[in-house]
Amino acid sequence: MGREIRVRRWALAGVAAAGIGCGAAPPHAQSEAAPPHAPHAQTEAAPAAARPAEAPAPAEAAVAPPRGDAAAPQEFAVPPNTAVLHVGDSFAVAGFAQALRPRMQAHRVRYAVKAETSSYTVTWASRMELLVANYQPDLVIISLGANEVENVNPPAHAGAVRRIVKAIGNRPCVWVSPPLWRKDTGIIDVIRTNSAPCRFFDSDALVPGPLPRQKDKIHPNEEGGARWADAFWSWLTAEHVPAGQGEGGSAPTRSPWALRPSPPEEHRARAEAPESAPQRGEQVSERRAE
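Draft legend 1. Highlighting the state of the cysteines. Applying the stated criterion across every chain yields a total of one disulfide. Note on cysteine connectivity: cysteine 173 is disulfide-linked to cysteine 198, with sulfurs 1.8 Å apart. Between cysteine 173 and cysteine 198, the S-S torsion sits near -100°, and that sign places the bridge as left-handed. Residue cysteine 173 is found in strand β4 (residues 173-176), and its partner cysteine 198 is found in the loop between α8 (187-194) and β5 (199-201); the two are separated by 25 residues along the sequence.

Draft legend 2. Region of interest: the confidence of the model for the chain. For the chain, per-residue confidence averages 78 on the pLDDT scale, and 65% of positions sit at 70 or higher. Contacts for the low-pLDDT stretch residues 10-72, under 50 throughout, to residues beyond four places or in other chains number zero contacts. Contacts from residues 273-290, a stretch scored under 50 in pLDDT, to residues over four places away or in other chains number 22 contacts.

Draft legend 3. Representation of the packing of aromatic side chains within the structure. Across all of its chains, the model carries nine aromatic pairs by this definition. Aromatic pair phenylalanine 76 and tryptophan 257: ring centres 5.6 Å apart, planes at 55°, arrangement tilted. Of this pair, phenylalanine 76 sits in the loop between α3 (56-63) and β1 (83-88) while tryptophan 257 sits in the loop between α10 (222-239) and α11 (277-289), and the two are 181 residues apart along the sequence. Residue classification places phenylalanine 76 among the buried residues on the basis of a relative accessible area of 15%. Assessed through its relative accessible area of 1%, tryptophan 257 is described here as buried. Where phenylalanine 232 meets tryptophan 235, the ring centres are 6.2 Å apart and the plane angle is 25°; that geometry is what we call stacked. With phenylalanine 232 and tryptophan 235 both in helix α10 and three residues apart, the pair spans about one turn of that helix. For the pair phenylalanine 232 and tryptophan 235, one class covers both residues: buried. The lysine or arginine in question, arginine 127, covers the ring of tryptophan 124, its NZ or CZ lying 4.9 Å from the ring centre.

Draft legend 4. Structural view of unusual backbone geometry. Look at the link from alanine 196 to proline 197: it is a cis peptide, with omega at 10°. Mapping proline 197 onto the fold places it in the loop between α8 and β5. Residue proline 210 is bonded to the preceding glycine 209 through a cis peptide linkage, with omega at 0°. Among the secondary structure elements, proline 210 is positioned in the loop between α9 (203-206) and α10. Phi angles above zero are rare outside glycine, and asparagine 81 is one such case at about 75°. Along the chain, asparagine 81 falls in the loop between α3 and β1. Of note in the backbone geometry, serine 118 takes a positive phi value of approximately 55° without being a glycine.

What counts and how
Within each chain, residues carry numbers counting from 1 in the order of the written sequence. Local features are withheld for residues below a pLDDT of 70 in this predicted model, meaning they are given only at 70 or higher, and side-chain atom pairs are given and counted only at 80 or more; totals for whole chains, interfaces and linings count all residues. Only heavy atoms go into the side-chain values, all of them from the structure, while hydrogens and water stay out. Throughout, a disulfide means two cysteine sulfur atoms within 2.5 Å of one another. Only DSSP runs of H or I covering at least 4 residues are called helices, and only runs of E covering at least 2 are called strands; the numbering of each starts at the N terminus. pLDDT gives the predictor's per-residue confidence on a scale running from 0 to 100. Residues count as neighbours in contact if any of their non-hydrogen atoms are within 4.5 Å of one another. Centre distance within 6.5 Å is the pairing criterion for rings of Phe, Tyr and Trp, where only the six-membered ring of Trp is used; planes under 30 degrees apart are then read as stacked, over 60 as edge-to-face, and the remainder as tilted. Classification of residues uses two cut-offs on accessible area relative to the type maximum, computed with a 1.4 Å probe and protein chains only: under 20% is buried, over 50% is exposed, and between them is partly exposed. The rule is short: NZ of Lys or CZ of Arg within 6 Å of the ring centre and within 35 degrees of the ring normal puts a charge over the ring.

Structural data, given as structure tokens:
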């Protein structure tokens, strides 16, 4: 009897031990599973992991000053209803003025072209003052010299060039030389050295060539005139002084077509051959006589 009691006690003890062992497993398994507050703990941890890329650095980069980048060039603009007078010979209307007109119209410019075939600097010298008075232009473009390329005494026309420029007064002006089809006898240099304070546009130097020509092999055709006008318009808008630039409070009102001052070389004669020295002396003598 006593032995049975002892056996039962050991059996009960074994069952109790097994019960304790089986009861310990759930808490252990529950510790490995995510507890109810675990998602909250992970939400807290996410910002901490993202902190190295947080606010201050991007904010400073956004407001950092530019590193000396050049300012973008100001777009060309003139007020509407300005007046441009274009005087010239047959070269002026050999595709050149035709290609300039739509550009002028795009800026609502009153563009007047006065051109005559077989006309010269001496033809227009006596007319310019009246033309300027009638049109009151804000800009004057001159396309003369093509008919004087073969002149036997180019310096004799220097006075006419100066008279044309004087009639324009203090208005912005550009003398556009003809794109040459042959070597000239000196009229281009006469115009170059006598056309200040007008700007001088050297077509031979600034227009990519050779230009397509008409059947006479002299005048530009429509394509050549358009290419000539493209180069001139690019130069003109680049040399334009935008409104308000460089003007002080007490500065006089400036033409909306104001141009930058000529660089020194613009009105300097090209290299001349030694035999042209007498012509140079003749030109100086004529200027003194005036």
